[in-house]
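# Fold and geometry: a report
One letter stands for each residue in the lines below.
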Amino acid sequence: MMSWLSEQIWADWIWFPEGHGWADLKDHDGKVFPKTQDLWATIPIALCFLVIRQIFERTVATPLASLLGVRDKQRVSAPPNPTLEAYFCSTSKHPTQSSIESLSKQTGCSVRQVQRWFRRRRNQDRPSKLKKFREASWRFTFYLLAFFAGLAVLIDKPWFYDMKQMWDGFPKMPLLPSQYWYYMIELGFYVSLLFSVASDVKRKDFKEQIVHHVATILLISFSWLVNYIRAGTLIMLVHDASDYLMESAKMFNYAGWRKTCNFIFTVFAAVFIITRLVILPFWITHTTWVYPQTLYPPFLGFYFFNGLMFVLQILHIFWAALILRMVIKFLPGNDIVEDERSDKEETESEDEDNGREQREKSKNGHMQNGHTPLNNNHRKRH
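Cut-offs applied
Residues numbered from 1 in each chain as written. Predicted model: local features only at pLDDT ≥ 70, side-chain atom pairs only at ≥ 80, totals over all residues. Heavy atoms only, no water. Phe/Tyr/Trp six-rings, centres within 6.5 Å; stacked < 30°, edge-to-face > 60°. Helix = DSSP H or I, 4+ residues; strand = E, 2+ residues; numbered from the N terminus. 1 Å grid on protein atoms, 1.4 Å probe; cavity = no way out; pocket = protein on both sides within 12 Å on 5 of 7 lines; lining within 4 Å. Points joined across faces, edges and corners; volume = space filled by probe spheres on them. Nonpolar A, V, L, I, M, F, W, Y, C, P; charged D, E, K, R; others polar. Core = buried A, V, L, I, M, F, W, Y, C linked by side-chain atoms within 4.5 Å. Buried < 20%, exposed > 50% of the residue type's maximum accessible area, 1.4 Å probe, protein only. Axes fitted to C-alpha atoms, helices over the stretch in contact; angles between N-to-C directions. Parallel < 35°, antiparallel > 145°, perpendicular 65-115°, else oblique. Left-handed = near helix turned anticlockwise from the far one by under 90°.

To continue, consider the packing of aromatic side chains. This model, assessed by the stated rule, comprises 40 aromatic pairs. Taking 5.6 Å as the distance between ring centres and 75° as the angle between the ring planes, the aromatic pair formed by Tyr143 and Phe189 counts as edge-to-face. Taken together, the residues span a long stretch of sequence, with Tyr143 in helix H7 (residues 129-154) and Phe189 in helix H8 (residues 177-195) at a distance of 46 residues. Their ring planes at 15° and their centres at 5.2 Å tell us that Trp289 and Phe302 sit as a pair that is stacked. A residue pair is termed long-range when its members are at least 10 positions apart, and Trp289 in helix H11 (residues 258-289) and Phe302 in helix H12 (residues 300-333) qualify at 13 residues.

Structure (structure tokens):
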């Protein structure tokens, strides 16, 4: 039964155009072709990346952070309070005004003290600036090296200049050693990102990042299996072209180098839009979606590959909107770029402003979560 099911899943007509199949990818006459078992090499490569990352962050990123002046703010810890801690962990990290007043009565603390406790408790869970810097510097280093390695792999290839040649002789295109290592290292890195997702800084687009990593891993793996390698190398190069700029902008942002951060972020925004919203859809995706249909009838593998491409394109449009919103924010006032995906640390002044806003709403009789506030007898501020 399992043998029959495997044969049906890996049937030639599903993954290759008519007249071609897995037999075309068997080594012969000194020519080597990609194999399914090659992908297992990405697991030890990913584990090596996790080890190298720990060494890099301790020996390179941390001293670099000190050199650039990255400093963490001194955080005040929330005092132990079992009632508030239970609510924080099981109910909500951001209690409503009515909940705050109820907790105030239960604990004997003032409303302001409860608000301050939750603010300090939330700040305790937020990653430090040093942690963010180390993570950004690690990704910056990889993406920078990967981009120039990709250029070295592709610069002398004819399909780098004429993308239609990525299908010349498909699928009987022999594998080059440079392509092998480029693929294994890139795929190993993305697998390592999935391994470390639990400990990495979680941003507001966390779910989108997971979808991106999974789609990227599937896309790279599938393109390897069916020998879409020429297209795959171009796609990876386009992605690496802007990523190292974003990570370097984050590094200078955490270091407080405002003008440097703004300049690099502006360059990043331009490169991102050109590569992800122009080159990728109108050149590469056009060559993987439109042009192949002039060579052979579409098949399931063709739709699967391009479906993943469209998923990535939707994510690129989503991120482009965030990037443009950040650019619009900082250009007129020349303020420092804030990563809109980050969860910013709250301050005492923000806590006071929130408290003042809640009191004003209470005085005006505004509704709170569908019912009126429980207590309007706050002291007036003079």
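The structure having been displayed, the exposition proceeds.
Let us look at empty space enclosed by the protein. Using the criterion set out here, one finds four cavities of 30 Å³ or more in the structure. Of the pockets and cavities examined, the second largest cavity occupies roughly 70 Å³. Together, Glu186, Tyr190, Thr216, Leu219, Ile220, Ile235, Met236, His239, Asp240 and Leu312 line the second largest cavity. The residue inventory of the lining of the second largest cavity, partitioned by class, reads six nonpolar, two polar and two charged.

Counting residues in each nonpolar core, the largest one holds 78 residues, and the members touching the most others are Tyr228, Phe265, Ile284 and Phe305. Considering each element in turn, this core owes the most residues, 13 residues, to helix H10 (residues 229-255). In this structure, Tyr87, Phe88, Val114 and Trp117 belong to the second largest nonpolar core, which totals ten residues.

This paragraph deals with the packing of H7 against H10. Interaxial distance between H7 and H10 falls to 7 Å at its minimum, and their mutual angle equals 150°. On the basis of the axis angle, H7 is roughly antiparallel to H10. For H7 against H10, the interelement crossing comes out left-handed. Residue classes in the contact of H7 with H10 are distributed as 15 nonpolar, four polar and seven charged.

Turning next to unusual backbone geometry. Across the junction of Phe170 and Pro171, the peptide omega takes the value 0°, indicating a cis bond. In this structure, Pro171 sits in the loop between H7 and H8. For Asn227, which is not a glycine, the phi torsion comes out positive at approximately 65°. By relative accessible area, Asn227 is classed as buried at 2%.

Note that Asp38 resides in the loop between helix H2 (12-15) and helix H3 (42-68). Separated by 186 residues in sequence, Asp38 and Trp224 have C-alpha atoms that sit 9.1 Å apart.

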